[in-house]
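# Fold and geometry: a report
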Amino acid sequence: MVRRDRARLGSCGMTEPLVVLDHVDKWFGELHVLQDINMSIARGEVVVVIGPSGSGKSTLCRTINRLETIDKGTITLDGKPLPAEGKALAAHRAEVGMVFQSFNLFAHKTILENVTLGPIKVRGTDKAAAEKQARQLLDRVGVGNQADKYPAQLSGGQQQRVAIARALAMEPKVMLFDEPTSALDPEMIKEVLDVMVDLAQGGMTMVVVTHEMGFARTAADRVVFMADGQVVEENTPDEFFSNAQSGRAQDFLSKILKH
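Okay, so let's go over this structure. (Residues numbered from 1 in each chain as written. Predicted model: local features only at pLDDT ≥ 70, side-chain atom pairs only at ≥ 80, totals over all residues. Heavy atoms only, no water.)

## Observations concerning the packing of helix 3 (residues 111-123) against helix 5 (residues 156-168)
Contact pair helix 3 / helix 5: the axes reach a minimum separation of 8 Å and the direction vectors enclose 25°. Comparing the axis directions of helix 3 and helix 5 gives the class roughly parallel. The interaxial crossing formed by helix 3 with helix 5 has right-handed handedness. Between helix 3 and helix 5, the contacting residues are Ile111, Asn114 and Val115 on the first element and Val162, Ala165 and Arg166 on the second. Among the residues forming the contact of helix 3 with helix 5, the class breakdown is 4 nonpolar, 1 polar and 1 charged. (Axes fitted to C-alpha atoms, helices over the stretch in contact; angles between N-to-C directions. Helix = DSSP H or I, 4+ residues; strand = E, 2+ residues; numbered from the N terminus. Parallel < 35°, antiparallel > 145°, perpendicular 65-115°, else oblique. Left-handed = near helix turned anticlockwise from the far one by under 90°. Contact = heavy atoms within 4.5 Å. Nonpolar A, V, L, I, M, F, W, Y, C, P; charged D, E, K, R; others polar.)

Here's what the structure looks like:
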């Protein structure tokens, strides 16, 4: 992986915020999964969220796309609050690309059809234009020669790269990745991470929940460490990995970096 150039984000590491979470709380029954989360994500910034299982990382990611509702606080995208329902919510989700652990491709549709479905149905894009764009995106993620196949005919790594192309086809303002490599065999992980690094280098705003510390080191502008539903610490990758401040982060790193 090529280390990302972080200079363009300025000395403070932030430019104009695109996504803002302000005093966000979320409960699942009695479980307080997000506790007073305050976070701003700048345009073009790559934020990698790490932490132990059950720390609220995936829930945080899903609230930005409103796949999970919040109980307190506000979340805004481009200065606008997240819509509650209906057409406004569908329009919001078109602005926020999401890549999950499981690829969630339509098994009965070809790769090309999977990628063109959103632009045609949601954006109203002409079929020919949507297919041209889709083929360009599939080429970009390295699976252009698989366009006429069905998901079951592809490896897990190839399917996840198709899922990334499908999200990009909607021309989102921000891309969310919820542990996108956790379901993949080790040899497939790198091919997906390489695509994500390419996106980061290209200036895509990204929020990435991952256990891949190599990606966090090389592609992130900022590492956010969560534990027990709280943001415990955040810093540049260099500072976080070499000089974690909190005991909770130090303990986490001591366990994962030994392996």
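That was the structure; now back to the text.
## What to know about the sheet that holds strand 6 (residues 96-99)
Pairing is mixed in the open sheet, where 6 strands are placed in the order 6-7-8-3-9-10. Among the strands making up the open sheet, the edge pair consists of strand 6 and strand 10 (230-235). Between one strand axis and the next, the sheet turns through 20° on average, direction left out of account. Where strand 3 (residues 46-50) lies against strand 9 (residues 222-227), 4 bridges are found, and the strand directions are parallel. Residue pairing across strands places Val49 opposite Val224, the latter belonging to strand 9. Seen against the sheet, helix 6 (residues 186-201) touches strand 3, strand 7 (174-178) and strand 8 (205-209) and runs at an angle of roughly 145° to strand 8. (Pairing = 2+ DSSP bridges.)

## Points about the environment of Gly56
Along the chain, Gly56 turns up in the loop between strand 3 and helix 1 (57-64). With a relative accessible area of 8%, Gly56 lands in the buried category. When the C-alpha positions of Gly56 and Asp194 are compared, they lie 26 Å apart, and in sequence the two are 138 residues distant. Once residues lying within four places of it in the same chain are set aside, the contact partners of Gly56 are Val33, Leu34 and Met226. (Buried < 20%, exposed > 50% of the residue type's maximum accessible area, 1.4 Å probe, protein only.)

## Thoughts on the pattern of salt bridges
With the rule as written, the count across this model stands at 13 salt bridges. Put simply, Lys173 and Asp78 hold a salt bridge, and the shortest N to O gap is 2.6 Å. Of this pair, Lys173 sits in the loop between helix 5 and strand 7 while Asp78 sits in the loop between strand 4 (72-77) and strand 5 (80-81), and the two are 95 residues apart along the sequence. Overall, the relative accessible area of 27% leaves Asp78 in the partly exposed class. Counted as one network, the salt bridges with shared partners bring together Arg43, Asp78, Glu95, Arg123 and Lys173. (Salt bridge = Lys/Arg side-chain N within 4 Å of Asp/Glu carboxyl O.)

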